[in-house]
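Examination of the molecular architecture
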Amino acid sequence: MKERYDVLIIGSGPGGAIAARTAANAGLSVCIVEKRPAVGTPVRCAEGIGMDALAEFIEPDPAWISAEMAGAEIIAPDGTSMRLSSQMAGSKVGYILERKLFDRELVKQAVAAGADVFMKTRAAAPILEDGYVCGAKLEHNGTVADVRAAVTIAADGVESKFSRWCGIDTTVPLREIMSSAQYLMTNINIEPNITVFYLGNTVAPEGYLWVFPKGDRMANVGIGISGRKSGDGHRAIDYLDTFVKAHFPEGKIIESIVAGVSVCRPLESTVADGLIIVGDAARVVDPLTGGGIYNAMFTGKLAAETAVKCLKSGDVSKKALMEYDQAWRASKMGKTIERNYKVKEYLIRQPDEKLNSLIRSVKEIDLAEMSTFNLIRELVRRNPRILLDFGAIKEFLA
Amino acid sequence: MLKVHRNICGYCGCCVSVCPEGALELMDAYLEVSSACTGCGICTRACPLGALEVQDEGKV
Ligand SMILES: Cc1cc2nc3c(=O)[nH]c(=O)nc-3n(C[C@H](O)[C@H](O)[C@H](O)COP(=O)(O)OP(=O)(O)OC[C@H]3O[C@@H](n4cnc5c(N)ncnc54)[C@H](O)[C@@H]3O)c2cc1C
Ligand code: SF4
Ligand code: SF4
């Protein structure tokens, strides 16, 4: 490990790895530090990503793709099902990844581009000078070392502490944390290329339950519920166990994980002097779907590009780095977060009967392009009254 | 005072994100509680497994 890098990246998830690959490809000296002993494990993810979204960052490779998806099914509280498929029959719309291998591949690519990486190395505190973040104190096997950097990128995920140590409040409101649990199950009967979502207050209050196929008779079966709905006897794990007992009594659990995913608005500012925050640490998860792999990669790339520019001009002040903050907010991703936040706030306030009737109104749609945007537009088209409740999101749907 | 039931905890960091005091930190496979903890109990709600418990000083 050198004493000084152009860019120091905290966290080796998709956000950190893409930031590292981008910065290293631009010729900067880059170091990733990761507190865990291995990249990508334990998995904290249902592993779904859209085909086009993935292609923006990496060529798909069967080595880290578990299954290809052709459509989705949404199950209402009363059991009514709505099928979503792409207009082009048989075409795939997304993938279920093998995140352990996917995350590893991204880090491998960052290293191939020239980045250093250190595992089991925890950023324990920022180095702060004149209000600037100038790197971090790193703990590794009982030793502590200062590593300085012109720009530090916090890609430290949902459990992020780094930005907080730099004075930024990153607290997720209890009601906006999806308290989550997931089993990787085998020996279950599932449709191998359809993702299934279950909604409803008895199944998953203010959240949803998912079945994401991982190959033959195997799936990620998981759930996220609002933190405010969680408590003794009715936690994520309790809802999941109830569901699994009823739906997959023959199934066997071969991996069991818990996790948290934020569905709040992003941080008010995702930059500070010498610091850029990306991915889950910046709270840029899609608040409606809980999807954050793409958003982490997107912000990671943008952060690195901004770092490259600011290093060239010799100005890494908050003001200069603000270009990053403005760029992601103005992007399609930023606008989708804002829109989906409002849709989520609408949906969580609906009683089960309303969810039933919404889903019944659609039942089957063939979307030219499978996306939550198209789905919402279709729901609104068939239920024009929703617009009265939605108010502010009208302009997005125009 | 906050008790972490380490035999239950799945070291996921969900609780860390909701603590208003920044009193929790996930050190890879275990959780640390700092003296900043006020015992407010918010994190005990968020935990998917129920691994956290606010206990009276006397009981600990
Ligand atoms: C249950 C669940 C299901 C999900 N399903 C999906 C899905 O189907 N599709 C989707 O797109 N998204 C999904 N997500 C969200 C997705 O997993 C995340 O958005 C994504 O992993 C974020 O990437 P990241 O790089 O920002 O952070 P992470 O992948 O969390 O990486 C952060 C890394 O930083 C490390 N770190 C933290 N602190 C330090 C420190 N101080 N020093 C060194 N290293 C540190 C961590 O160990 C970790 O490896 C899901 C999330 C959950 C919880
Ligand atoms: S009890 Fe409150 S202050 Fe203490 S760790 Fe939990 S959330 Fe933080
Ligand atoms: S939320 Fe629960 S399982 Fe996750 S780290 Fe905190 S105490 Fe452990």
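The structure this text deals with has already been given above.
Conventions and cut-offs
Per chain, residue numbering runs from 1 following the sequence as it is written. Starting at A for chains and at 1 for ligands, labels are handed out in the order in which the entities are written. In view of the model being predicted, local features appear only for residues whose pLDDT reaches at least 70, and side-chain atom pairs are presented and counted only at 80 or more, with totals across whole chains, interfaces and linings using the full set of residues. No hydrogens and no water enter the side-chain calculation; it runs on all heavy atoms of the structure. Only DSSP runs of H or I covering at least 4 residues are called helices, and only runs of E covering at least 2 are called strands; the numbering of each starts at the N terminus. The quantity called the radius of gyration is restricted to C-alpha atoms. Its globule counterpart is 2.2 Å times the number of residues to the power 0.38. We call a residue buried when its accessible area falls under 20% of the maximum for its residue type, exposed when it is over 50%, and partly exposed in between, using a 1.4 Å probe and counting protein chains only. Residues count as neighbours in contact if any of their non-hydrogen atoms are within 4.5 Å of one another. Shrake-Rupley sampling with a 1.4 Å probe provides the accessible areas, and residues are treated as covered by the protein chains on show and by no other component. N or O atoms closer than or at 3.5 Å make up a polar contact, with two conditions inside protein: a donor-capable atom paired with an acceptor-capable one, and, for residues adjacent in sequence, both atoms drawn from side chains. Paired strands, in this sense, are two strands between which DSSP finds at least two bridges. Axis lines are fitted through C-alpha atoms, for helices just across the contact stretch, and the angle between N-to-C directions can take any value from 0 to 180 degrees. In this description, the term disulfide denotes a pair of cysteine sulfurs within 2.5 Å. The term nonpolar core refers to a set of buried residues drawn from Ala, Val, Leu, Ile, Met, Phe, Trp, Tyr and Cys, joined through side-chain atoms within 4.5 Å. Proximity is defined per residue: any heavy atom of the residue falling within 4 Å of a molecule or strand makes that residue near it. Each residue gets one label: Ala, Val, Leu, Ile, Met, Phe, Trp, Tyr, Cys and Pro are nonpolar, Asp, Glu, Lys and Arg are charged, and the others, such as Gly, are polar. Here, a salt bridge means any side-chain nitrogen of Lys or Arg that lies within 4 Å of a carboxyl oxygen of Asp or Glu. As used throughout, domain bounds are those supplied by an automatic or database domain assignment. Two parts placed together each lose some accessible area under a 1.4 Å probe, and adding up what both lose gives the buried area.

Next up on the list: the overall build of chain B. When its secondary structure is counted, chain B shows two helices and four strands. From first element to last, N terminus to C terminus, chain B shows the α and β order β-α-β-β-α-β. Its C-alpha atoms give chain B a radius of gyration of 10 Å, within 12% of the compact-globule value 10 Å for 60 residues. Here the C-alpha coordinates of chain B stretch approximately 30 × 25 × 20 Å along the principal axes. Among the 60 residues that make up chain B, the fraction classed as buried is 48%. The contacts in chain B between residues at least 6 apart in sequence include a share of 51% that link residues at least 24 apart. Summed over all atoms, the accessible surface of chain B reaches about 2,900 Å², with 47% contributed by carbon and sulfur.

Residues and elements named next belong to chain A. Tracing the chain through its elements places lysine 344 in helix α8 (residues 332–347). Residue classification places lysine 344 among the buried positions, given a relative accessible area of 6%. In terms of polar contacts, lysine 344 uses its side chain to reach the side chain of glutamate 176, at 2.9 Å. With near-sequence residues (within four places) excluded, lysine 344 lies in contact with Glu176, Val263, Pro287 and Leu288.

Right, let's get into the sheet that holds strand β7 (residues 94–97) of chain A. Residues and elements named next belong to chain A. Read across the sheet, three strands follow the order β3-β7-β4 without closing on themselves; strand pairing throughout is antiparallel. The open sheet has two edge strands with one neighbour each: β3 (48–50) and β4 (65–69). Ignoring which end each strand starts from, the neighbouring axes of this sheet average 25 degrees apart. Summarising the sheet, β4 and β7 pair through four bridges and their orientation is antiparallel. Paired with isoleucine 65 across the bridge in β7 is leucine 97.

What follows covers the state of the cysteines. In a disulfide, the sulfur atoms of two cysteines are covalently bonded to one another. Residue and element names in this part refer to chain A. Tallying each qualifying case throughout the model produces zero disulfides over all chains. This cysteine, cysteine 310, is not joined by any disulfide, and cysteine 134 carries the nearest cysteine sulfur, 15 Å off. Looking at cysteine 310, the relative accessible area reads 4%, which means it is buried.

As a further point, take the nonpolar core. Side chains that are nonpolar tend, in soluble globular proteins, to be buried together. Residues A:Val30, A:Ile49, A:Phe102, A:Ile153, A:Phe162, A:Leu275 and A:Ile276 are the most contacted members of the largest nonpolar core, which totals 73 residues. Here the element with the most residues in this core is helix α6 (residues 293–313) of chain A; it accounts for ten residues. Formed by 46 residues, the second largest nonpolar core is a distinct cluster that contains A:Cys264, B:Val16, B:Leu26 and B:Leu31.

Surrounding ligand 2, one finds B:Leu2, B:Cys19, B:Pro20, B:Glu21, B:Leu24, B:Cys37, B:Thr38, B:Gly39, B:Cys40, B:Gly41 and B:Cys43. When grouped by side-chain class, the residues that make up the shell around ligand 2 number seven nonpolar, three polar and one charged.

Our focus in this paragraph is the pattern of salt bridges. All names here are of chain A. A full pass over the atoms with the stated rule returns 28 salt bridges over all chains. Arginine 164 is the salt-bridge partner of aspartate 169, the closest N and O atoms lying 3.8 Å from each other. Look at arginine 164 and you get buried, because its relative accessible area is 18%. A single salt-bridge network, built from bridges that share partners, covers Arg175, Glu176, Lys344 and Glu345.

For the rest of this paragraph, the subject is the site of ligand 1. Residue and element names in this part refer to chain A. Taken together, 36 residues lie near ligand 1, and Gly15, Glu34, Gly48, Asp280 and Gly292 sit nearest. Here a nitrogen atom of ligand 1 sits 2.7 Å away from a polar atom, N or O, in the main chain of glycine 48. The side chain of aspartate 280 places a nitrogen or oxygen atom 2.6 Å from an oxygen atom of ligand 1. For ligand 1, the protein covers 93% of the area, taking 1,000 Å² as the surface of the free molecule. Secondary-structure elements contributing two or more residues to the shell around ligand 1 are α1 (14–25), β9 (121–129), β14 (208–215), β16 (252–262) and α6. Residues of the shell around ligand 1, tallied by class, amount to 13 nonpolar, 13 polar and ten charged. Each of domain 1 (4–44 + 100–172 + 267–330) and domain 2 (71–94 + 174–263 + 344–398) gives at least three residues to the shell around ligand 1.

Attention shifts here to unusual backbone geometry. Of the consecutive residues A:Thr41 and A:Pro42, the connecting peptide bond is found in the cis state with omega at -5 degrees. The residue A:Pro42 is located in the loop between β2 (30–33) and β3 in this model.

In this assembly, 26 residues from chain B lie in contact with 31 residues from chain A. The junction of chain B with chain A conceals about 2,100 Å² of combined surface from both sides, 56% of it contributed by carbon and sulfur atoms. For the chain B face of the interface with chain A, the top three residues by lost area are B:Ser17, B:Arg45 and B:Pro48, together amounting to 27%. Across the chain B-chain A interface, the total number found is one salt bridge. Put simply, chain B and chain A have 16 residue pairs in polar contact (both at pLDDT 80 or more) between them. Of all the secondary-structure elements, those providing two or more residues to the side of chain B that touches chain A are α1 (14–18), β2 (24–26) and α2 (42–46) of chain B. Here the residues of the side of chain B that touches chain A sort into 16 nonpolar, six polar and four charged.

Attention now goes to the packing of helix α7 (residues 318–330) of chain A against α8(A). Residue and element names in this part refer to chain A. Running from N to C, α7 and α8 point in directions that differ by 65 degrees, and their axes come no closer than 4 Å. For the pair formed by α7 and α8, the contact residues are Trp328, Arg329 and Ala330 on the first element and Lys332, Met333, Gly334 and Lys335 on the second. Partitioning the contact of α7 with α8 into residue classes produces three nonpolar, one polar and three charged.

All names here are of chain A. Tracing the chain through its elements places arginine 329 in helix α7. Judged by its relative accessible area of 31%, arginine 329 falls in the partly exposed class. Arginine 329 has contacts with Pro266, Leu267, Glu268, Ser269, Thr270, Gly334 and Lys335, leaving out every residue within four places of it along the chain.

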